[in-house]
Amino acid sequence: METVIERIEQGRFWQFHGGIHPPEMKFLTTNKPIRTVSLPQRLVLPIQQHIGEAGELIVKPGDYVLKGQPLTKTTVPLAVPIHAPTSGTIASIENHIIAHPSGLNEMSVILMPDGEDRWRERHIVENYSQLDKNTLVEKIANAGIAGMGGAGFPTHIKVNTKAKIDFLIINAAECEPYITADDLLMREHAASVIEGIKILDKILEPAFILIGIEDNKPEAIDALNHEIKQFDKIKLCVVPTKYPTGGEKQLIKILTGKEVPSGVLPSSLGIVMQNVGTCHAIAEAVISDTPLIKRVVTVTGQALEKPQNVWALLGTPIEHLLQECQYPQQQKRHIIMGGPMMGFSLPNTQVPVVKTTNCILAPSEKEIPDANQEIECIRCGQCAEVCPAQLLPQELQWHAKAKDSEQLTKLNLFDCIECGACAYVCPSHIPLVHYYRVSKAEIRQQKLLDIKAEKAKQRFEARKARLERDKKAREEKHKKAAEARRARMNSGTEEANKEKSAVAAALARVQAKKAQQSGVQANTTNDDKKSQVADAIARAKAKKAGQSAPNGDAGDDKKQQVAAAIARAKAKKLAAKEQANDDSAEENINAVETKPTSAQDDKKARVAAAVARAKAKKLAAQEQPSDVGTDDTGKSPETISSTAEDAKKARIAAAVAKAKAKKLAANTESDDQRTEGEAEASTKDKDDVMAEAIVEPPQETSTSTQDDKKARIAAAVAKAKAKKLAANTGSDDQRTEGEAEASTKDKAEVTAEAVVEPMQETSTSAQDDKKARIAAAVAKAKAKKQAANADTDVKQVEGEAKASTKDKTNVTAEADVEAAGETSTSAQDDKKARIAAAVAKAKAKKLAEKAQKDNQTS
Amino acid sequence: MAYWIASSPHNHIQDKTSALMRLVIYATIPGIIAQWYFFGWGNLIQIGLATVTALIAEFLVLSLREKNIKEQLFDGSAILTAVLIGISIPALAPWWVSVLGALFAIAIVKQLYGGLGHNPFNPAMAAYVMLLISFPVQMTLWQPPLSLMHHQLDFVNTLSVIFTNFTLDGYSVEQLRTHIDGFTMATPLDTVKTALTMGKTVEEAMTSPVIGEYFSVGWQWINAAFLLGGFVLIYKKAISWVTPASFLASIFVCSFIAFMVSPDTNTSTMFHWFSGATMLGAFFILTDPVSGATSVKGRIVFAALAGFLVFIIRKYGGYPDAVAFAVLLCNMAAPLIDQFTRPRTYGHQ
């Protein structure tokens, strides 16, 4: 450290690599004093004018504020408040274009000055040396001071370092061409600048204070020398003029010979640097309790008639300053905020002056001509010679064009300080800095994306683990529930007995399922001329609750020939297995229990088939819904088709009833929904078909058709859909009832009833009279239950179909169940035969969060 | 009102690449004048032929590549290449030699590799080496200095020789090259090399009339003139002084060591400097930024390697001069040299 001071006292300095000597052009403003400009009509104060975070607004439109009154307050350390530069009214708080290379809009306070310039109450500090460090730092923070050299880093953070400081360096180099703001400030307010330095001295307690100033400011040097005469600690270091001497790293190198390691703050070397403008602002803030509300701005350029340094209130629109300095009206405007090397061109002149604005440059066309056409790099290497960071600009340029971010990083692109020296000297006029900025932004963007992707991956894996855990917990719970039920059933009460019987029924079903799975074909119905078959099958399923009772009603009348009733019930639990079912009036069913019924016909009775289906599915939330298909059914949409064609005399009576009920429950405590679809189709004597479908929640359609004497066609289509979505369900109960009845009196009577509920019940009764041939009734009902958070899904589908054919009739029932829910039934009758087809569908879906509830059957 | 938006920096030196190229072309003028003074019109005619060919070739390729012809045709790079070819090839070589050379340099070496800034080899030297290998006879038709020739060779006669191989009086090139004592005059480098292979000492070889009073008749002054042009370029900061200094120092050191070891079989350091294409290479060829190394350290290594190669090839190689070969070899090495001579970035170890 001693050697550093010795060298400095001898006037010998180190050198940084490269650097350039662009035309200084400071003569435009250097010989004129700082002028105070008139009050603009309005002030635009972006609430963030520094690096870090914006303060919190504490004013609202319409408020009257006094000069120096804070407009934002700081809640976090990196925030810096802004203050009202003059007294007036807050007109609005809105997005306004700010001083940013991209012309961004940001939240700004629009202040209409009242012209009175009335101060808030101020407390002048006579002797700041009596204040302790924390008070001083607090005063600096409250005054809203952020680095005024260009970056705008909050000053109170920078001076509040815990590190031991060897050198406090005051940056007075002002190396950019044109700019003389610091020069003039030092000349006119040297005492105040030195006071500010002393305050910093008190806070930081550095071993030495070095003021770095370029030798092209002799008057400022004299003024400072005069002020620091009696302070040995402060060394004025007059360094050769070279751009970019004023760069922090460069000035440190010049004055101390040290290099700030890449990615490290200078304070780690025991060095803190402050701009002279900041020193002046600190003195103002601490001594006269004046927050940062104005600054010196060099308004320069040969396009102006009166270029001059001005005291500009923060928030002053650039247009106002240009007018003050007599900018001629011209079509093509080129306004630069900052110097010609590192400044940015402005998209319009409504941009306000902010804390970091040191210069407004309005060059004439001759002064800074339009950019030359970029031509190929010839690798002349001049850029590398002038680069103060000792980078290889031309190599960086190749890689930037090739978007090779790996090489760019390897070549230390991020050590580029964007001083512009390389682009300045490039004979091929390549906008090198622009390429670097774009590449830097792209690399940063890529890094952000990489981080995002990594987070998403972690989230996904955490979710997978959680689902796995939940699944296990669920299985555990079910196991326990089953055990509890078993215990309950064995308790011997009446209820338990009831439950037992339900279980017995379920067992029977399971056996049937097994039988079918081992290759038993579905039912075939044979007609025997006079034989009569009456078959009634009733099934009942009881799953969890004990309230299910199978209803099977089969009534045969004397001449009933065939009554076939098939009731199926399917229950699936997809968490365990996936199943696909196919069913049709006379077909096979896979993987679901099917109870084949053989039908015997008597002479006149031909066929009576009744198919009832009931399906119940239980889907775990994450699983695909199983498919239930009939015939040609593909996936989720189920199709059940029954077509009834008649022979000569057959008539068709079709009744289709559909009822769908869906229910989604997300987070509800409990929902009860009932959907009842009832379809009745009765044909009396000569055909009477009536289909009735009743659906509770939304839609209800019922169609009944009655036919004339000989009953030709009776078609009834009833669709009912009900959907219900409920959020946050604890437990849901949904009931879907699909009932389809098709009764043919006289000669055929088919009753199909389908009841759907978690507990499925299907009852089919088919009665044939002597001449009744065919009675077909198809009823389907589906019920689905899904649990919202994938805990449990229960889907039940019950389909019931009955088909009774009389004499010579064929019945085909066609029904589309699920998504579309389309059913068409056509029934034709011929003279004697009656067909009654009733298709009832009911679907019910239910989502329950914790589907442990039992289902009830009505 | 239109606001003009641009990226910083906003001000800029007004130098342009084309201006740089022009300056280099101007800097060859002293050397060309010396060539003209000592060897007559031959090289000027070759320069003219090469320039016309180069511009035509450049125009054609640029149109094929749909480039900005106006901007790029006269950026000076093609003309500079042609001038260097014209200077390099023997004055009395047939016309198609320079035409072929310029065509090859522009169309193949430069444009096929991507045009200005993308060619890995120096176009002029690549063309020269191509010609030397393909047409060894024509490429060794070195004309003796005018002062040693017993036939007058004015402009018309030179033109005639280049286009018909004979002067208007019917003398062939071989006859023109014949000394009054009946032997064919070669270049000083060639003369010394031949003498050495015949077992003579350097001192004996130096008695040849083509050597003259100092290092070589004519050639020494041509080299001096190129040296002068080179100083102008350095003064104008068109080229970095590092490259020629390193190159010349390298030749100096190599030849000095060799001379100290065996004075009889090695020519002096100054003979190396002032004969052949040493100065042309040092200031106009090696300083080509496109095909050379970029960093200062890299340039030092690059040029020193070239100097070493020049010496080695002159001494042991089959060809009397070696600048073209050395340059091409160094061009190949340049990317590697760049790789290993990257400067330490500020703040990095």
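Counting restarts for each chain, with residues numbered from 1 along the sequence as it is written. To read the labels, note that chains go from A and ligands from 1, taken in the order they are written. A pLDDT threshold of at least 70 governs which residues receive local features in this predicted model, and a stricter bar of 80 or more applies before side-chain atom pairs are shown or counted, although totals over entire chains, interfaces and linings include all residues. Working from all heavy atoms in the structure, the side-chain values ignore hydrogens and water.

Per an unreviewed UniProt entry, chain B goes by the name Ion-translocating oxidoreductase complex subunit D and belongs to Thalassotalea marina. Listed in UniProt under the heading Subcellular location (unreviewed entry), the comment for chain B reads: "Cell inner membrane". UniProt positions are given in the numbering used here, feature names are shortened, and annotations may be inferred rather than shown by experiment.

For chain A, the name recorded in an unreviewed UniProt entry is Ion-translocating oxidoreductase complex subunit C, with Thalassotalea marina as its organism. The UniProt entry for chain A carries the following comment under Function (unreviewed entry): "Part of a membrane-bound complex that couples electron transfer with translocation of ions across the membrane." Heading Subunit (unreviewed entry) of the UniProt record for chain A holds this comment: "The complex is composed of six subunits: RnfA, RnfB, RnfC, RnfD, RnfE and RnfG."

Quick word on the overall build of chain A
Along chain A, the regular secondary structure elements total 16 helices and 39 strands. The cut-offs for exposure are 20% and 50% of the maximum accessible area for each residue type, with area from a 1.4 Å probe on protein chains only; residues under the lower value are buried, those over the upper are exposed, and the others partly exposed. Across the 858 residues that make up chain A, the buried fraction comes to 57%. The criterion used for residue contact is that any of the two residues' heavy atoms lie within 4.5 Å. Sequence-distant contacts, at least 24 apart, represent 76% of the contacts inside chain A between residues at least 6 apart. In these tables, accessible area is a Shrake-Rupley quantity obtained with a 1.4 Å probe, and a residue counts as shielded only by the protein chains included in the view. Accessible surface for chain A amounts to roughly 34200 Å². Of this, 48% is attributable to carbon and sulfur atoms. Starting at the N terminus, helices and strands are each numbered in turn, a helix being any DSSP run of H or I of at least four residues and a strand any DSSP run of E of at least two.

Section: the UniProt feature "binding site: [4Fe-4S] cluster 2" (unreviewed entry) in chain A
Residue and element names in this part refer to chain A. Feature annotation in UniProt assigns "binding site: [4Fe-4S] cluster 2" (unreviewed entry) to the following positions: Cys387, Cys416, Cys419 and Cys422. Taking the farthest pair of C-alpha atoms as the criterion, the annotated set spanning 36 residues converges on one region, since that pair is 10.6 Å apart. By the secondary structure assignment, Cys387 is in the loop between helix 11 (382–386) and helix 12 (393–402). Classification of Cys387 as buried rests on a relative accessible area of 9%. Apart from the residues lying within four places of it in its own chain, the contact partners of Cys387 are His17, Gly18 and Pro393. Position of Cys419 relative to the elements: it lies in the loop between helix 13 (405–410) and helix 14 (421–425).

Points about helix 6 (residues 95–111) of chain B
Three- or four-residue spacings in an α-helix give side chains the same orientation, since the helix completes a turn every 3.6 residues. Residues and elements named next belong to chain B. Between its terminal C-alpha atoms helix 6 stretches 23 Å, which fits the 24 Å expected from 17 residues at 1.5 Å a residue. Of all the residues in helix 6, the buried ones are Val97, Ser98, Gly101, Ala102, Ala105, Ile106, Val109, Lys110 and Gln111. On its buried side, helix 6 packs onto helix 3 (42–64), helix 5 (77–88) and helix 7 (123–134). For a helix, the expected span equals 1.5 Å multiplied by the number of residues minus one.

Focus: the UniProt feature "binding site: [4Fe-4S] cluster 1" (unreviewed entry) in chain A
The sites that UniProt annotates as "binding site: [4Fe-4S] cluster 1" (unreviewed entry) are Cys377, Cys380, Cys383 and Cys426 of chain A. A maximum C-alpha distance of 10.7 Å places the annotated residues, which cover 50 residues in sequence, within one compact spot. Position of Cys377 of chain A among the secondary structure elements: in the loop between strand 17 (359–361) and helix 11. Judged by relative accessible area, which is 7%, Cys377 of chain A ranks as buried. If sequence neighbours within four positions are ignored, Cys377 of chain A has contacts with Gln394, Gln397, Trp398, Ser428 and Ile430 of chain A together with Leu116 and Gly117 of chain B.

A short note on the sheet that holds strand 7 (residues 105–113) of chain A
Residue and element names in this part refer to chain A. Whether two strands pair comes down to DSSP finding at least two bridges between them. Pairing within the open sheet is antiparallel, and its four strands lie in the order 2-7-6-4. Among the strands making up the open sheet, the edge pair consists of strand 2 (43–46) and strand 4 (64–65). Pairing between strand 4 and strand 6 (residues 88–97): two bridges, direction antiparallel. Note on strand 6: the bridge partner recorded for Val65 is Gly88.

Considering the UniProt feature "modified residue: FMN phosphoryl threonine" (unreviewed entry) in chain B
All names here are of chain B. Here the UniProt feature "modified residue: FMN phosphoryl threonine" (unreviewed entry) sits at Thr187. Within the secondary structure layout, Thr187 lies in the loop between helix 9 (173–177) and helix 10 (188–197). Take Thr187: its relative accessible area is 11%, and that puts it in the buried class. Sequence-distant contacts of Thr187, defined by excluding residues within four places in its chain, comprise Trp142 and Trp219.

What about unusual backbone geometry?
With the exception of glycine, the majority of residues adopt a negative phi angle, and the majority of peptide bonds are in the trans configuration. Here the bond from Tyr243 of chain A into Pro244 of chain A is cis, since omega is 0°, no more than 30 degrees from zero. If you trace the backbone, Pro244 of chain A turns up in the loop between strand 10 (234–239) and helix 8 (248–256). Here Ser8 of chain B and Pro9 of chain B are connected by a cis peptide whose omega angle stands at -5°. Structurally, the position occupied by Pro9 of chain B is in the loop between strand 1 (2–3) and helix 1 (17–27). In the Ramachandran plot, Glu418 of chain A falls in the positive-phi region, its phi being about 60° despite a non-glycine side chain. Within the element layout of this structure, Glu418 of chain A appears in the loop between helix 13 and helix 14.

Details of the pattern of salt bridges
Residues and elements named next belong to chain A. Salt bridges, as used here, are contacts in which a Lys or Arg side-chain nitrogen is within 4 Å of a carboxyl oxygen on Asp or Glu. This structure, assessed with the given rule, holds 27 salt bridges over all chains. Ionic pairing is found between Arg35 and Glu324, a salt bridge with its closest N-O pair at 3.5 Å. Placement of Arg35 in strand 1 (residues 35–36) and of Glu324 in helix 10 (residues 318–324) is noted, with a sequence separation of 289 residues between them. Judged by its relative accessible area of 24%, Arg35 is partly exposed. With a closest N to O distance of 3.4 Å, Arg187 and Glu219 form a salt bridge. Separated by 32 residues along the polypeptide, Arg187 in helix 5 (residues 181–188) and Glu219 in helix 7 (residues 218–228) bring together distant segments of the chain. A relative accessible area of 22% means that Arg187 is categorised as partly exposed. Residue classification places Glu219 among the partly exposed positions, given a relative accessible area of 49%.

Considering a negative patch on the surface
Patch membership requires over 30% relative accessible area and the absence of a salt bridge. Like charges are linked within 9 Å, and nonpolar side chains (Val, Leu, Ile, Met, Phe, Trp, Tyr) within 5 Å. Here Asp and Glu are counted as negative and Lys and Arg as positive; His is not counted, and neither are the chain ends. Charged groups are reduced to one reference atom each: NZ for lysine, CZ for arginine, CG for aspartic acid, CD for glutamic acid. Judged by side-chain charge, Glu468, Glu475, Glu476 and Glu483 of chain A come together as a negatively charged surface patch. Mapped onto the fold, Glu468 of chain A is located in helix 15 (residues 432–489).

Concerning the interface of chain A and chain B
At the interface, 67 residues of chain A touch 38 residues of chain B. For the pairing of chain A and chain B, the buried interface totals around 4600 Å² over both sides, and the portion due to carbon and sulfur atoms is 52%. Across the contact surface, chain A and chain B share four salt bridges. Notably, a salt bridge pairs Glu259 of chain A with Arg344 of chain B, separated by 2.8 Å at the nearest N-O pair. Identification of polar contacts relies on pairs of N or O atoms within 3.5 Å, with a donor-acceptor requirement for protein atoms, meaning one able to donate a hydrogen and the other able to accept it, and with residues adjacent in sequence counted only if both atoms are side-chain atoms. At the boundary of chain A with chain B, the tally comes to 30 residue pairs in polar contact (both at pLDDT 80 or more). Going through the elements one at a time, helix 8, strand 14 (332–333), strand 16 (344–345), helix 12, helix 13, helix 14 and helix 15 of chain A are the ones with two or more residues in the side of chain A that touches chain B. By the convention adopted, Pro, Cys, Tyr, Trp, Phe, Met, Ile, Leu, Val and Ala count as nonpolar, Lys, Arg, Asp and Glu as charged, and the other residues, Gly among them, as polar. Residues of the side of chain A that touches chain B, tallied by class, amount to 31 nonpolar, 22 polar and 14 charged. Judged from the two bridges that link them, strand 14 of chain A and strand 1 of chain B form a sheet pairing that is parallel. The residue bridging Arg333 of chain A from the neighbouring strand is Tyr3 of chain B, located in strand 1 of chain B. Note on definitions: buried area is the accessible-area loss of two parts on being combined, 1.4 Å probe, summed for both.

Overview of the pairing of strand 10 of chain A
Residue and element names in this part refer to chain A. Judged by how many residues are buried, strand 10 sits mostly within the fold: five of six residues are covered. Where strand 9 (residues 208–214) and strand 10 come together, six bridges link them in parallel fashion. Residue pairing for strand 10: Leu210 is matched across the bridge by Lys235. We call a crossover right-handed when, viewed with both strands directed away from the observer, the connection leading from the first strand over the helix to the second proceeds clockwise. Each parallel crossover has a hand, and for strand 9 linked through helix 7 to strand 10 it is right-handed.

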